[in-house]
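Here are the chains, one letter per residue:
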Amino acid sequence: MKKWSRRIRGAIGMGLTWAAAWFGAGMIMLLGLLLVTGSTGADVPYPLGFGAFGFVAGVAFSGVLGLFEGRRRFDQMSFPRFAGWGAAGGFLLSAIFVLAVALAENPAFLWNLVFLGPIFAVVGAGSAVGSLALARRAENRELLEDVGEVGLSEGEAREPLGGGG
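Residues numbered from 1 in each chain as written. Predicted model: local features only at pLDDT ≥ 70, side-chain atom pairs only at ≥ 80, totals over all residues. Heavy atoms only, no water.

Notes on the packing of helix α1 (residues 2-36) against helix α2 (residues 46-69)
The condition is simple: Convention adopted: a line fitted to C-alpha atoms gives each axis, helices being fitted over their contacting stretch, and angles between N-to-C directions are expressed from 0 to 180 degrees. Numbered from the N terminus, helices here are DSSP runs of H or I no shorter than four residues, and strands are runs of E no shorter than two. Angle categories: roughly parallel below 35 degrees, roughly antiparallel above 145, roughly perpendicular from 65 to 115, and oblique for all the rest. Less than a right angle of anticlockwise turn of the near helix away from the far helix marks a crossing as left-handed, whereas a clockwise turn marks it as right-handed. Residue type decides the class: Asp, Glu, Lys and Arg count as charged, Ala, Val, Leu, Ile, Met, Phe, Trp, Tyr, Cys and Pro as nonpolar, and the leftover types, Gly among them, as polar.
The geometry of α1 relative to α2 is characterised by a closest axis approach of 6 Å and an angle of 150° between their N-to-C directions. Between α1 and α2, the interaxial angle falls into the category roughly antiparallel. Where α1 crosses over α2, the handedness of that crossing is right-handed. For the contact of α1 with α2, the class distribution of residues is 22 nonpolar, seven polar and no charged.

A closer look at the layout of surface pockets
Rolling a probe over the atoms, with the probe sized like a water molecule, indicates the empty space that remains. The criterion, for reference: Within this scheme a cavity is a closed region of a 1 Å grid, computed over the protein atoms alone, that accommodates a 1.4 Å probe without allowing it to escape, whereas a pocket is open but has protein on both sides within 12 Å along at least five of seven lines; lining residues each have an atom within 4 Å of a point. Grid points are joined across faces, edges and corners, and a volume is the space filled by probe spheres set on the points.
One number sums up the size of the largest pocket: a volume of about 980 Å³. Breaking the lining of the largest pocket down by element, the ones donating at least two residues are α1, α2 and α4 (112-150). Among the elements that make up the lining of the largest pocket, the one with the highest residue count is α1 (11 residues). Classifying every residue of the lining of the largest pocket gives 14 nonpolar, eight polar and eight charged. In this structure, the second largest pocket occupies an estimated 580 Å³ of space. Lining the second largest pocket are 20 residues, with Y46, G49, F50, F53 and F120 positioned closest to its centre. Taken together, the elements giving at least two residues each to the lining of the second largest pocket come down to α1, α2 and α4. Among the elements that line the lining of the second largest pocket, the one with the most residues is α4, at six residues. Split by residue class, the lining of the second largest pocket holds 17 nonpolar, two polar and one charged.

A look at the side chain of S62
Keep this limit in mind: Any two residues whose heavy atoms approach within 4.5 Å at even a single point are treated as in contact.
Counting through the fold element by element, S62 comes out in helix α2. What S62 contacts, discounting residues up to four positions off in sequence, is G10, A11 and M14.

Details of the packing of aromatic side chains
Operational definition: Stacked, tilted and edge-to-face pairs are distinguished by plane angle, under 30 degrees for stacked and over 60 for edge-to-face with tilted covering the rest, among Phe, Tyr and Trp rings (Trp via its six-membered ring) whose centres lie within 6.5 Å. Residue burial is assigned from relative accessible area. The probe radius is 1.4 Å, only protein chains are included, and a residue is buried under 20% of its type maximum, exposed over 50%, and partly exposed in between. In this scheme, Lys NZ or Arg CZ marks a charge over a ring once it lies within 6 Å of the ring centre and within 35 degrees of the ring normal.
The tally for this structure, following the rule as stated, stands at eight aromatic pairs. Relative to F50, the ring of Y46 lies with its centre 6.2 Å away and its plane at 85°, an arrangement referred to as edge-to-face. Within this pair, Y46 and its partner F50 are both found in helix α2, separated by four residues, close to a single helical turn. Among the residues examined, Y46 registers a relative accessible area of 18% and is labelled buried. Relative to F82, the ring of F61 lies with its centre 5.3 Å away and its plane at 75°, an arrangement referred to as edge-to-face. On the criterion of sequence distance, the pair formed by F61 in helix α2 and F82 in helix α3 (residues 79-104) is long-range, its members being 21 residues apart. Accessibility classification places F61 together with F82 in one group, the buried group. Members of the aromatic cluster, each reached through a chain of ring pairs, are W18, W22, F53, F61, F82, F97 and F120. Seen from the ring of W4, R7 lies directly overhead, with NZ or CZ sitting 5.8 Å from the centre.

Some details on α3
What counts, and what does not: One fewer than the residue count of a helix, multiplied by 1.5 Å, yields its expected span. For the purposes of these results, a polar contact is taken to be a pair of N or O atoms within 3.5 Å, where, inside protein, one atom must be able to donate a hydrogen and its partner to accept one; residues adjacent in sequence count only when each atom of the pair is a side-chain atom.
Over its 26 residues, α3 extends 37 Å from the first C-alpha to the last, a length consistent with the 38 Å expected when each residue adds 1.5 Å. All buried positions along α3 are accounted for by F82, A83, G86, G89, G90, L93, S94, A95, V98, V101 and A102. With a side-chain oxygen lying 3.3 Å from the backbone nitrogen of R81, the N-terminal cap of α3 falls on S78.

See the structure below:
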């Protein structure tokens, strides 16, 4: 049970991280539209919509990653492979979104997958690579903190670099 709760917390954390990044992208888009056209032209504010999609994409990516790469550590994964899984998660999100809208409104809406699929795949790949970079950076900081805690023994004294003169 502890293993599942850890995975769920990790998926939610990944979703929140992606939501924050996608929210920022939505803010940039919103500000750009306001500057260029003077209005947004959207029913849902872009930052909120992008943030919601980012959360779902992050959770979907976490699920795909756990399913196919569950036994690997972050230092054992390559950036291209991680980007590939992020692209798969992003495309999966776009497929679910397009299918849900097509079933509810119009089956012809399925053609939008041709447009949305690659966009969400590229954004998912970029988010995945950013997540791996952050995870590796966090692991490196933990290692540095562990080394810093080792300290000097009682007989050793700190000397300045260059012989201390």
